[in-house]
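Each chain is listed here by its residues.
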Amino acid sequence: MEICKKNMCTGCTACSSICPKRCITMKPNEEGFLYPYINEDKCIGCNQCVKVCPINELKIPQFNIYGKIIQIKDKKTLKNCTSGGAFTSIAIKFLEMGGVAIGAVYDDELKIVHEVISEETNVKKISGSKYVQSDMQDIYRSVKQLDSKGIKCVFCGTPCQTAGLYNYLAEKRKNVYLVDLVCHGVPSPLLWKKYIEHQEQKYGKMLFANFRSKAYGYHVATMETIFENQKKVRGSARTDLMSKCFFKNIADRESCYNCKFKTIERCSDLTIFDSWHASELNSSLKDDDSGFTNVLVQSNKGKELLELIQDTTVQVDMDYKLAIQMDGSMAIGSVKRPAERSVFYNELNNKEIDDVVKSICPIRKSDYVIEKLKLPAKKLGLAYYIKRLKMQR
């Protein structure tokens, strides 16, 4: 039995979550991506898995979308956020009200999983981008149970994860608020595992990774890994192996190259993405290189969320169509599938990650030179302006 075409399956877990006989399990394929596997002996042919799949059907409510640019006021919190801290500010407010926040976190082994956060001290765990497909585990069922108990929940995930939850909950989501992010595409947990192994061979046990550190400023995207010996290693898509694979689009899930959810109108309550051009989208803002978030309000529930954080965030209007044009190309367009994608994971299963990158998208000596110049450029206040010049080309 086929739930949907395999090359379109996003691994959202809606099918395994809704199965009344629990005969669908999520298992990794040879590339490390999770796919549903059906125990035909237990299957009763109810077709609920087919009906709930957002690839097969997704009804998006009508709403007059409008846009806001947001930045959390607390500077310490802002520093730990990928952009302007929109979701983090909402999560904090939900926890203050006795609710929960659900998002991608690192577990004790640095695997990336979706988790329910109920304590304010753990908010930092869900802050920041993690450019790997997260394991949803049993999160959809957990959200449904929380909703039935009257507990306010705010969920953040990729568009496909959010669509899966939306279909799974159907009309019954009185206490659940959905935030989806504009997604570039998701590499597999296998790539992430190989990256960790490589880094640990060089530097010792890894404790944390920040895919979008603001060490050199918001406009200079930097991967930062921290180790048990307190060593910090930083690198951009020029020199960092994980970032290079991500931004070269050679490691994405097959469905990401033809993503069904690349639309402006979405089933979420809010859609969030980087605001690289905040000061141009609203002239009242001064771009201080600390990060802003573009937010598309997709529903009345989304409007409620922004009202909740009015006191803790700066919020200004913007033309959402212009924001999509300037900052949101990934909101409406899938990344192109490179020819090298066909061999990437086969190579990764047989070689070390650095050897794979060396053969497919080698790091040049000039890349290392440019990377070393970033710290002095930051100290001289030049890094931000160099990045801005590149963006204007």
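Everything quoted here is computed from the prediction, not taken from an experiment.

**Digging into the side chain of Arg141**
Along the chain, Arg141 falls in helix 6 (residues 139-148). Here the side chain of Arg141 touches Ser16 through a polar contact of 2.8 Å, landing on its backbone oxygen. Setting aside residues no more than four positions away along its own chain, Arg141 makes contact with Ser16, Ser17, Cys19, Arg22 and Tyr168.

**A look at the nonpolar core**
Ranked by internal contacts, the top residues of the largest apolar core, which has 66 residues, are Leu191, Trp192 and Phe344. Element by element, the count of residues in this core is highest for helix 7 (residues 159-169), at 6 residues. Ignoring anything within four residues of it in the chain, the contact list for Trp192 reads Tyr106, Leu110, Ile112, Val132, Ala209, Phe211, Met223 and Met242. Formed by 24 residues, the second largest nonpolar core is a distinct cluster that contains Phe87, Ile117, Cys156 and Ile309.

**Side note on the packing of helix 8 (residues 189-203) against helix 14 (residues 341-350)**
Where helix 8 contacts helix 14, the axes come no closer than 11 Å and their chain directions differ by 40°. Viewed along their axes, helix 8 and helix 14 adopt a mutual orientation that is oblique. Here helix 8 runs over helix 14; the crossing is left-handed. Contact with helix 8, carried on its side by Leu190, Leu191 and Lys194, involves Phe344, Tyr345, Leu348 and Asn349 of helix 14 and no other residues of that element. Taken together, the residues of the contact of helix 8 with helix 14 sort by class into 5 nonpolar, 1 polar and 1 charged.

**Some remarks on the pattern of salt bridges**
Enumeration over the complete set of coordinates arrives at 17 salt bridges. The closest approach of N and O atoms between Asp367 and Arg238, which form a salt bridge, is 3.2 Å. Of this pair, Asp367 sits in helix 16 (residues 365-372) while Arg238 sits in the loop between strand 10 (232-235) and helix 9 (241-247), placing them 129 residues apart in sequence. A residue is classified by how much of its surface remains accessible, and Asp367, at 2% relative accessible area, is buried.

Cut-offs and rules
Each chain has its residues counted from 1, following the order in which its sequence is written. Given that this is a predicted model, residues contribute local features only at a pLDDT of at least 70 and side-chain atom pairs are listed and counted only at 80 or more, while totals for whole chains, interfaces and linings are drawn from all residues. Side-chain figures throughout are based on the complete set of non-hydrogen atoms in the structure, without hydrogens or water. Each helix is a run of H or I in the DSSP string that is no shorter than four residues. Each strand is a run of E no shorter than two, and both are numbered from the N terminus. Polar contact criterion, stated in full: a pair of N or O atoms within 3.5 Å, where within protein one must be able to donate a hydrogen and the other to accept it, and residues adjacent in sequence count only if both atoms are side-chain atoms. In what follows, residue pairs with any heavy atoms lying within 4.5 Å of each other are defined as contacts. What makes a nonpolar core is a set of buried Ala, Val, Leu, Ile, Met, Phe, Trp, Tyr and Cys residues whose side-chain atoms join them at distances within 4.5 Å. The classification of residues rests on relative accessible area computed with a 1.4 Å probe and restricted to protein chains. Under 20% of the type maximum is buried, over 50% is exposed, and intermediate values are partly exposed. Axes, fitted as lines to C-alpha atoms, cover a helix only where it is in contact. Angles between the N-to-C directions of the axes lie from 0 to 180 degrees. Put simply, angles under 35 degrees are roughly parallel, angles over 145 are roughly antiparallel, angles from 65 to 115 are roughly perpendicular, and the rest are oblique. Two helices crossing with the near one rotated counterclockwise from the far one by less than a right angle form a left-handed crossing, whereas a clockwise rotation gives a right-handed crossing. Polar here means any residue outside two lists: the nonpolar Ala, Val, Leu, Ile, Met, Phe, Trp, Tyr, Cys and Pro, and the charged Asp, Glu, Lys and Arg; Gly therefore counts as polar. Between Lys or Arg on one side and Asp or Glu on the other, a salt bridge is scored when a side-chain nitrogen of the former is within 4 Å of a carboxyl oxygen of the latter.

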